[in-house]
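Coordinate analysis (summary)
Next come the chains, spelled out residue by residue.
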Number of protein chains: 2
Amino acid sequence: MEYLEQIGIRAKEAEAVLRTLGSEDKNKALRKAAEYLVEAESALIQANEKDMSAAREKGMAQGLLDRLALNGDRIRGMAEGLLQVAAADDPVGEVLDMKKRPNGLMIGRKRVPLGVIGIIYEARPNVTADAFGLCFKSGNVVILKGGSDALHSNEAIVTVLQRALSDCGLPRTAVQLIASQDREVTARFMKMNEYVDVLIPRGGAGLIRKVVQESTVPVIETGTGNCHIYVDASADLDMAAEILFNAKTQRIGVCNACESLVVHEAVADAFLPMAAARLSEKKVELRGDERAMEADNSIIPAGEEDWGREYLDYILSVKTVRNIDEAIAHINRYNTGHSEAIITKDYANAQRFLDEIDAAAVYVNASTRFTDGGEFGFGAEIGISTQKLHARGPMGLKELTATKYIIYGNGQIRP
Amino acid sequence: MEYLEQIGIRAKEAEAVLRTLGSEDKNKALRKAAEYLVEAESALIQANEKDMSAAREKGMAQGLLDRLALNGDRIRGMAEGLLQVAAADDPVGEVLDMKKRPNGLMIGRKRVPLGVIGIIYEARPNVTADAFGLCFKSGNVVILKGGSDALHSNEAIVTVLQRALSDCGLPRTAVQLIASQDREVTARFMKMNEYVDVLIPRGGAGLIRKVVQESTVPVIETGTGNCHIYVDASADLDMAAEILFNAKTQRIGVCNACESLVVHEAVADAFLPMAAARLSEKKVELRGDERAMEADNSIIPAGEEDWGREYLDYILSVKTVRNIDEAIAHINRYNTGHSEAIITKDYANAQRFLDEIDAAAVYVNASTRFTDGGEFGFGAEIGISTQKLHARGPMGLKELTATKYIIYGNGQIRP
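Rules and cut-offs
Residues numbered from 1 in each chain as written. Chains lettered and ligands numbered in written order. Predicted model: local features only at pLDDT ≥ 70, side-chain atom pairs only at ≥ 80, totals over all residues. Heavy atoms only, no water. Pairing = 2+ DSSP bridges. Helix = DSSP H or I, 4+ residues; strand = E, 2+ residues; numbered from the N terminus. Contact = heavy atoms within 4.5 Å. Axes fitted to C-alpha atoms, helices over the stretch in contact; angles between N-to-C directions. Least-squares fit on C-alpha atoms with pLDDT ≥ 70 in both. Phe/Tyr/Trp six-rings, centres within 6.5 Å; stacked < 30°, edge-to-face > 60°. Buried < 20%, exposed > 50% of the residue type's maximum accessible area, 1.4 Å probe, protein only. Lys NZ or Arg CZ within 6 Å of the ring centre and 35° of its normal.

What about the sheet that holds strand β1 (residues 95–100) of chain B?
Judged by pairing direction, the sheet is mixed, and its ten strands sit side by side in the order β10(A)-β9(A)-β11(A)-β8(A)-β7(A)-β12(A)-β13(A)-β16(B)-β2(B)-β1(B) without closing on themselves. Strand pairing shows two members of the sheet lacking a second neighbour, β10 (300–301) of chain A together with β1 of chain B, which therefore form its edges. Two strands pair when backbone bridges link them, and strand β13 (residues 361–366) of chain A and strand β16 (residues 401–412) of chain B are joined in this way by five bridges, in the parallel orientation. Across the sheet, the residue bridging to A:V364 is B:Y408, located in β16(B). Docked against the sheet, helix α14 (residues 347–356) of chain A engages β7 (227–231), β12 (339–343) and β13 of chain A together with β2 (106–113) and β16 of chain B, running at close to 145 degrees with respect to β16(B).

What about the sheet that holds strand β6 (residues 198–202) of chain B?
All names here are of chain B. Within the open sheet, the four strands sit side by side as β5-β4-β3-β6. Their pairing is parallel. In the strand order of this sheet, the two ends are held by β5 (175–177) and β6, each with one partner. The average angle at which neighbouring strand axes cross in this sheet is 20 degrees, direction not considered. In the sheet, strand β3 (residues 116–121) pairs with strand β4 (residues 141–145) via five bridges, with the strands oriented parallel. Among the inter-strand pairings, V116 is bridged to a residue of β4, identified as V141. The sheet strands contacting helix α1 (residues 2–18) are β3, β4 and β5, and the helix crosses β4 at an angle near 150 degrees. In the packing of helix α6 (residues 126–137) onto the sheet, the strands contacted are β3, β4, β5 and β6, and the crossing angle to β3 comes to about 160 degrees.

Re the relation of the copies chain A and chain B
When chain A is fitted onto chain B, the two copies agree to an RMSD of 0.0 Å after a turn of 180 degrees and an axial shift of 0.0 Å. Overall, the copies show the geometry of a two-fold rotation axis. Proximity to the rotation axis, assessed at the C-alpha, singles out A:H390 in chain A; its C-alpha lies 1.8 Å from the axis. Comparing interface residues between copies, 100% of those in chain A also sit at the interface in chain B, which points to an isologous, same-surface contact.

Notes on the packing of aromatic side chains
All told, the structure shown has ten aromatic pairs over all chains when counted by the stated rule. The interplanar angle of 45 degrees and the centroid separation of 6.2 Å between the aromatic rings of A:F378 and B:Y405 together place this pair among those described as tilted. With A:F378 in the loop between β13 and β14 (383–385) and B:Y405 in strand β16, this residue pair bridges two chains. Taking relative accessible area as the criterion, B:Y405 reaches 4% and is therefore assigned buried. Three or more aromatic residues joined by ring pairs make a cluster, and in this case those are A:F376, A:F378 and B:Y405. Above the ring of A:Y36, the side-chain terminus of A:R163 is found at 4.6 Å from the ring centroid.

As structure tokens, then:
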């Protein structure tokens, strides 16, 4: 535990420097880190090869091996990510709502770094550089706990990042990696309230649940997405079919992909054969209720468990409803608070859906696939929050800041 | 546990109603609740008398008995609080930063209720009505877990509030009290992530620590205040003495009271006798370092443990420093992230203090006692957050809301 304590102490030391570090200094270090990553390509690939061969030996699945692999393109991608973050606006220092009180006090809120951010993630080495870039630009120290399968890769990347910091005269401990794979260490890391201001888990549902349940440090939950598209009675059915096809199949394994179609029964007979035909191009399996099966005979029966499933696969559940009330009730019951869309021409129904659906992002006549920091215009993102506290939806640089009140007085005392 | 489960389910049912409830309906119910509280005076005092006599029997300290007591004035105070909240602006529904993306999507953020808020507090019955008012106006359902010593009082108040809701055609379960005093029930309440969106503990340091450590539901920490006043070399010493006197003695037992004086050694000899004389009017005990004792012989020695103490008493620690760097380092080491002030005529030092001190509220030339929702112009507050996530400083109605992204499209799909 002394090991973690040391990491915590060094993080706090770096925090005091980063709290007031100017944008130019931060951008210079980010550009230097990008340069060093590209230069270190062969060393990074060598380190990654150790992880890859160990992973192959233990029979890691192909999809996970793909995520673990580093190559020249991926390394240039990481460097490019750091350059983009360097080019982004610095959120720190902005003063919001400065107001004068009747007693003459000027009270404003100023954006400041959160402090020390812990990131717990799986075996994806590119997260190491991405998370550092976003945390550093927003003035935060980051402590990384990556998956054990990527340990050599992560160590190599962090060494490069630290060298860049050091060469810019900055504390190398602004980014630290917890190398120990002891479960006790991870358990203690989640309770380091004295050193860590927030934990962000990035990965599958199991990892996130574990962090939420075990952590005493505040957590920002980045969650799964059981996203719905509701096709209203008045929908433009061609538009609905295009949006559904895009949201379901454009990328299958992501949290903002559509997992469930909800259809007003008045358009079920017209729409479901259109939708099934379009989705058959990608061999999507449709699992529906009885009314849906009546409307299109390629649809197979759905079970109760289908309504809550995030398939991340070429499968879609299909629920028919008698009216928008049923649609809203169904979606609010089964969604995971991520992204939900209505396709409609009806003004009142569009507004009701926006008002009543409880989710991070609610769409009218657009694909759920847009819930993404880049698509929302934030630049890079550290994840998509599905909780309500602090940040909801894609989290960019601003979401990695806190505020503090700054108060200018001239002798005021409280009567 | 079935008991808590039922409370959770009923809270979720009420949440769906409150999510879209209009301001007029909310204000009407708040005014009705205020009216009913005043009408119920004798019933409330009768219920409170049961708590008071049990508390007296078990020998509760006078200060705690005072907090527990209800009388006509206090009941009218609770009613007045509800009327003030009714008169305040409704934060829900405001749309922030609506922007058009290059692809034509209109993306905005809309303020929405957090959902279900749990409040865990000690034996202060007035919190029951205050917390309900703030949560309800911001569209949130509230589940209250008050101290066991106030159970009869709390039950009586909640019964009145529920009758007001019911008479306005609203779900009475928008406010519920956990009456069970079983510790297991409280422990389970702190892990009800499926029903509760955020927990806010209100009370002493022990209660808050317990909630932070045991809860898996996100917590907003309202904390203790070890607040400092730093008197810089260039300070107007008369102003400094007045502000110190106000911050230390205007109200002694509150989290924004000053607990520690930090003095530049260049003005120690001039200022400390002035400060000691002024504070002696209220018989404040000064505990200082050696240099402070040299400057004024009424000052007694401080121990290391004094620097971190929140006395909540007529005691003040006094630390001398050689420069502003030492002052900032000392304050950032020992403060609790609440409220800190510098008294100075120096522009650069004022700006440095505002930039470098890590706290919820940082003041130049004003008393720390202003850190308060009312003084900041928010109306009532639910507490003062000393954590960085979500809300920092006084939390008014806005801090009891989340946001969701609302997106208007016309057929956009992701390329």
